[in-house]
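Tertiary structure, described
Residue-level listing of the chains:
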Amino acid sequence: MSQLVDGIANLDITHTGFIIAEYIWIGGSGLDLRSKARTVKAPIESPKDLPKWNYDGSSTGQAPGEDSEVLLYPQAIFKDPFRKGDNILVICDCYTPGGDPIPTNKRFAAAKIFAEKEVEEEVPWYGIEQEYTLLQKDVKWPLGWPAGGFPGPQGPYYCGVGADKAWGRSIVDAHYKACLYAGIQISGVNGEVMPGQWEFQVGPCVGISAGDQLWCARYILERITELAGVVLSLDPKPIEGDWNGAGCHTNYSTLSMRKEGGFEVIKEAIEKLGLRHKEHISAYGEGNERRLTGRHETADIHTFSWGVANRGASIRVGRDTEKEGKGYFEDRRPASNMDPYVVTSLIAYTTILYKP
């Protein structure tokens with residue numbers, strides 16, 4: 001029966017002249033992904049070729065029942081790795097019928113920052129390291145862990161190989177290839193320090209596309225874990241105690257940082273980030289205080305620090321950047337559940353537009 005259903009689901013519909021577009025948006029929690037599909041006439045070359053759509057915002061915590069219509073504006077298109085063919089995934093943001101962004105639409109404000117002339121001229125690059133934890137569906141306990149118990153202490157799991165160290169690799173590899181197929185600039189994957197925890201990296205991406213691509217990569221991962229019967233967690237500290245949390249380290253550079261003498265620009269940018277540490281922490285993810293304790297490769301949440309090759313600092317500068325006198329830096333503060341639209345645009349604002 002399953003093979004029969006799969007065979008029908010994989011039917012080629014090219015001859016119809018239509019494709020299926022899966023519209024994807026962020027729900028009321030700011031982290032939950034929602035989607036629904038519609039038939040559109042092929043070919044679709046850009047988001048502008050797609051119609052706006054709507055949904056019941058009262059069912060996603062984004063509108064009252066008596067005025068529940070929320071509009072979807074298509075913003076970015078990716079190839080659909082599930083339906084394949086010419087079918088597409090569409091990243092959307094959300095508006096009232098009057099055309100105003102709803103409160104959970106963080107893309108709108110980010111796009112305004114990235115459209116500023118000063119920011120555009122600096123061509124900001126982002127490389128985002130998304131850590132996540134795979135959980136057993138029925139017990140919400142990390143994949144591979146004994147029910148109600150614990151595996152051996154951390155040490156052998158980071159980039160580990162073997163049935164007693166790497167749990168969930170088939171999901172990770174499926175996600176990696178699906179993202180490449182979709183056109184996402186996924187640049188790598190690895191097993192993390194806590195068993196059952198993994199990481200993928202997206203980038204380098206320019207400006208607003210970093211947020212679009214990370215959200216689409218998260219959506220694809222949610223769909224693959226759904227197929228595998230496993231739960232995806234972006235909790236920044238899924239297991240209390242002597243276990244690493246999950247972050248979303250954000251690597252960043254501007255054109256000035258990538259040019260000769262860029263290390264001085266990097267140091268100036270880091271100084272600005274230090275002046276606005278509280279503003280950044282408040283926007284870097286819920287529950288981050290459970291992760292940023294000064295232990296397990298983190299800086300204390302209340303203290304701003306930076307250093308070369310220091311994974312216990314708020315901001316880490318790589319040895320290559322110091323040696324070459326130009327390059328990028330890594331903001332290690334964002335939690336795994338951060339909104340990439342918020343984080344990327346805030347870093348651009350503070351380092352480029354903010355004048356202390």
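Analysis parameters
Residues numbered from 1 in each chain as written. Predicted model: local features only at pLDDT ≥ 70, side-chain atom pairs only at ≥ 80, totals over all residues. Heavy atoms only, no water. UniProt positions renumbered as here; feature names shortened; annotations may be inferred. Axes fitted to C-alpha atoms, helices over the stretch in contact; angles between N-to-C directions. Helix = DSSP H or I, 4+ residues; strand = E, 2+ residues; numbered from the N terminus. Parallel < 35°, antiparallel > 145°, perpendicular 65-115°, else oblique. Left-handed = near helix turned anticlockwise from the far one by under 90°. Contact = heavy atoms within 4.5 Å. Nonpolar A, V, L, I, M, F, W, Y, C, P; charged D, E, K, R; others polar. Pairing = 2+ DSSP bridges.

Under an unreviewed UniProt entry, the chain has the name Glutamine synthetase and belongs to Ceratopteris richardii. Comment text from UniProt for the chain, heading Subunit (unreviewed entry), reads "Homooctamer." Database annotation for the chain, UniProt heading Subcellular location (unreviewed entry): "Cytoplasm".

Focus on the packing of helix H5 (residues 209-228) against helix H10 (residues 340-353)
For the pair H5 and H10, the least separation of the axes is 8 Å and the interaxial angle reads 155°. Between H5 and H10, the crossing angle belongs to the class labelled roughly antiparallel. Considering how the two elements wind past one another, H5 and H10 form a crossing that is right-handed. Every residue of H10 that contacts H5 at Ala210, Gly211, Asp212, Leu214, Trp215 and Arg218 is listed here: Pro340, Tyr341 and Thr344. Residues belonging to the contact of H5 with H10 are distributed by class as follows: 5 nonpolar, 2 polar and 2 charged.

Overview of the sheet that holds strand E1 (residues 18-26)
Taking strand neighbours across the sheet as the criterion, the 5 strands line up as E2-E1-E5-E4-E3 in an open arrangement whose pairing is mixed. Because the sheet does not close on itself, it has two edges, and the strands there are strand E2 (33-41) and strand E3 (53-56). Ignoring strand direction, the axes of neighbouring strands in this sheet form an average angle of 40°. Here 4 bridges tie E3 to strand E4 (residues 69-79), and the two strands are oriented antiparallel to one another. The residue bridging Asn54 from the neighbouring strand is Leu71, located in E4. Of the strands in this sheet, E1, E2, E4 and strand E5 (88-95) are in contact with H5, which crosses E5 at around 115°.

Focus on the packing of helix H4 (residues 169-182) against H5
Interaxial distance between H4 and H5 falls to 10 Å at its minimum, and their mutual angle equals 135°. Comparing their axes, H5 and H4 come out oblique. Taken as a pair, H4 and H5 cross one another with a handedness that is right-handed. The segment H4 lies against H5, with Ile171, Ala174, His175, Ala178, Cys179 and Ala182 engaging Ala217, Ile220, Leu221, Ile224, Thr225 and Ala228. Taken together, the residues that form the contact of H4 with H5 break down as 10 nonpolar, 2 polar and no charged.

Section: unusual backbone geometry
Geometrically, the link from Ala42 to Pro43 is a cis peptide bond, its omega value of 0° lying close to zero. Looking at where Pro43 falls in the secondary structure, it is placed in the loop between E2 and E3. Although it is not a glycine, Ala309 adopts a positive phi angle of roughly 60°. Relative to the assigned elements, Ala309 resides in the loop between strand E11 (306-308) and strand E12 (315-317).

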